[in-house]
Amino acid sequence: MRLTKLHAELAIAALFAAVVALVFQQTRGNMVEQGIASGGPYSNAASYPEALALLIAAVLIVTLAPRLWAARGHTPSGTPLTELSRPAAMLLAFACYLWALGAAGYLAATPFFMALIMYLAGVRSPVQLIVVPLAVTLALSAVFGGLLDVVLPRGQFGLAIPW
Amino acid sequence: MIFEMLSSGAVLMASPEVLLLTFLGVILGLVIGALPGLGPLMGVVLLLPVALYVEPLAGLGLLIAVFVGGSCGGAISAILLRIPGTPIAAATLFDGYPMAQKGRAADALGLAICASSLGGLFGGVLLILFAPLLAAFATRFGPPELALLGVLGLLSIAVVSREDTTKGLLAGMLGMLIATIGTDELSTGYRFTFDSYQMLNGFHIVSIVVGLFAVSEMAWQFIGREKVSSESPRAARPGLRSLKLIARHIPNLLRSSTIGTFFGTLPGAGGDISAFTSYAVAKAVAKPEEGYGEGAEGGVVATEAANNATCGGALIPTLSLGIPGDATTAVLMGALLILGLFPGPALFADRPEVVGGIFLVYILANLFLLVLGFLLVPVFVRLLRLPKSSLIPTILVLCAIGTFALQSSVFDLWVMFGFGLLGILLRAADYPLAPVVIGTILGPIVENNFRRSMLISREGLWIFTDRPISAVLLALCCALVALALWFGFRGKSTSRRA
């Protein structure tokens, strides 16, 4: 199984169609309830997003849809799914890191996340996997925490370096 | 007026913080520009959160200096590795790499640095001369003109920047829709907030920009599609001899800088188009014995002068009209808006010292570029050996804590992640990302001024044709829409033939 540009284009076209549907669901529902979907230009906050949604729908139908239809028979070679496993793992690790920032704090989460990404990128040297993440974590903590006075996430353990 | 602006700006610029951050910005810009796959836009995106934590002019100095340094840094890897660090340096390798192959790497690097700095200074002089004039003219603009100007900026970016205009338009409109999320400025109603208090102010522009550009780029690099060179960069230290060499190319330098500044002022044209155009012009004008494509000094001068002059040119519409020239200036404009400085004629009238300061930090960044470029090239050459396996996690951590630092909000982190996924999908489908950001920035300008126009109009939409300037802008918008549709249909017929 390969993912091609056509697959991505179809996914984006579906996304645009969903956005258009969502706009009308909100302007005809929630915005009517709020009383901001009618009246003059001052009070009508729905007409502008509706106009944009209609334009998006028109462009999709008039220009993009026929092109996608015409291209369906000419599927060029794409990226094998196996090749996408590394970036998918990276994104999953990044999502876990974002969650861990709130739960465990910057100092606890960052070295593990960096080491994991480096491992995914092919680094196998234990020294590199320990030294680089620790050095970068401390350096960024010094810049943001020490120089810029940013309070980095401390997590449930309250970990922080008093720069 | 210009003199007063510059003298009040000089007082602001003289602070140690501004000088230090401009200095650091040039170094960081050169480093980020030299590393293949990154570039001035990525540099400005990554340092945007940092810039918001310091004094406004110091932060803007940092971002502008990264823009200037990054526009030149790409030449280092183009010349030494035959990999342009940034797309805008792609034309530099036509002659820069052959020069290095002939043992003249130091000369090529020296010429690139001199041409970048002098081209940037030329663009800076035109910025100082023309931005106030354009801003003075724009004081005649009312809501109808401002609304149409926003539409014109977005249309020109979609039409000029990419071959696929349809995708550019769709991306721009998506950005404009994203900008409607949150509290409506006029009716104060909530739009697309889904009863979430965190969405009442919409999405933070930094979360959008970092996700779209930085996170998606890192994922893209992880697929391994980036160009990789097995070559080890050779040691090279440019000397003062480069100043003598550049003196032989003054007409080429001036011509290329003019082309670069002109293309910079056109929203969407950007440094790559200006570099390729000035290269083509220089090659057409040159004598055959100069050997363009085989290591001609003039080729390096033309491309590097043009792509740095573009920076100054791109700042002209950004500062005077509030219309960003490209994605990097869109991010700079986002920074100005977050800092409470609204680009346009009002900025020149109300905060002339800030405008003067911005002019001067731009000039200063180009002067620093000349000095630092010569001194630090050997260091940058060593940095080209930095493994991506260390770079990617560092950038991802920087994305996370930079976004978190804005409002100490975990919600912003998830917004960034979401836009990262959107950016990956858009890249995979070959959609341009810049129109999304520019649409997000220009969207509120267009909507609010359109609705204000309707409020003051007694004849409905005819207000846009009754006023001369707005009628001209409307005609330009119609011409661009016609062009966009023509490009769209041409693309359709091309795909049918394929």
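Residues numbered from 1 in each chain as written. Chains lettered and ligands numbered in written order. Predicted model: local features only at pLDDT ≥ 70, side-chain atom pairs only at ≥ 80, totals over all residues.

J.: Tell me about the overall build of chain B, and please be specific about residues and values.
T.: Regarding its fold elements, chain B presents 21 helices and two strands. Taking 2.2 N^0.38 as the reference for a compact globule, 498 residues should give roughly 23 Å; the C-alpha atoms of chain B span a radius of gyration of 22 Å, in line with that estimate. Along the first, second and third principal axes, the C-alpha atoms of chain B reach 70 × 60 × 45 Å. Residues counted as buried form 64% of the 498 residues belonging to chain B. Nonlocal contacts in chain B, meaning residues at least 24 apart in sequence, comprise 79% of its contacts between residues at least 6 apart. (Helix = DSSP H or I, 4+ residues; strand = E, 2+ residues; numbered from the N terminus. Rg over C-alpha atoms; globule rule 2.2 N^0.38 Å. Buried ≥ 20, exposed ≤ 12 C-beta atoms within 10 Å, placed from the backbone. Contact = placed C-beta atoms within 7 Å.)

J.: Let's hear about unusual backbone geometry: which residues, and what values?
T.: Residue and element names in this part refer to chain B. The phi torsion at Phe192 lies on the positive side, around 55°, for a residue other than glycine. Among the secondary structure elements, Phe192 is positioned in the loop between strand 2 (190-191) and helix 9 (205-223). For Phe194, which is not glycine, the phi dihedral falls at a positive 50°. One can find Phe194 in the loop between strand 2 and helix 9. A count of 10 C-beta atoms within 10 Å places Phe194 in the exposed class.

J.: Help me get a handle on the packing of helix 3 (residues 40-51) of chain B against helix 9 of chain B, residues and values and all.
T.: All names here are of chain B. For the pair helix 3 and helix 9, the least separation of the axes is 10 Å and the interaxial angle reads 135°. Looking at the two axes, helix 3 sits oblique to helix 9. In the crossing of helix 3 with helix 9, the sense of the turn from one axis to the other is left-handed. Counting all contacts with helix 3, which are made through Leu41, Met42, Val45, Leu46, Leu48 and Pro49, the residues of helix 9 involved are Val206, Val209, Val210, Phe213, Ala214 and Glu217. Grouping the constituent residues of the contact of helix 3 with helix 9 by class yields 11 nonpolar, no polar and one charged. (Axes fitted to C-alpha atoms, helices over the stretch in contact; angles between N-to-C directions. Parallel < 35°, antiparallel > 145°, perpendicular 65-115°, else oblique. Left-handed = near helix turned anticlockwise from the far one by under 90°. Nonpolar A, V, L, I, M, F, W, Y, C, P; charged D, E, K, R; others polar.)

J.: Give a detailed account of the interface of chain B and chain A, specifying residues and quantitative values.
T.: Of the residues lining the interface, 54 residues belong to chain B; the matching set on chain A comes to 60 residues. Going through the elements one at a time, helix 8 (165-178), strand 2, helix 9, helix 17 (388-407), helix 18 (410-428), helix 19 (434-456) and helix 21 (468-497) of chain B are the ones with two or more residues in the side of chain B that touches chain A. Considering each element in turn, the side of chain B that touches chain A owes the most residues, 13 residues, to helix 17 of chain B.

J.: How would you explain the environment of Gly124(B) if you had to name every residue and give the values?
T.: All names here are of chain B. If you trace the backbone, Gly124 turns up in helix 6 (residues 105-138). For the pair Gly124 and Gly313, spaced 189 residues apart in the sequence, the C-alpha separation amounts to 7.8 Å. Aside from chain neighbours lying at most four places away, what touches Gly124 is Gly312, Tyr362, Ile363 and Asn366.

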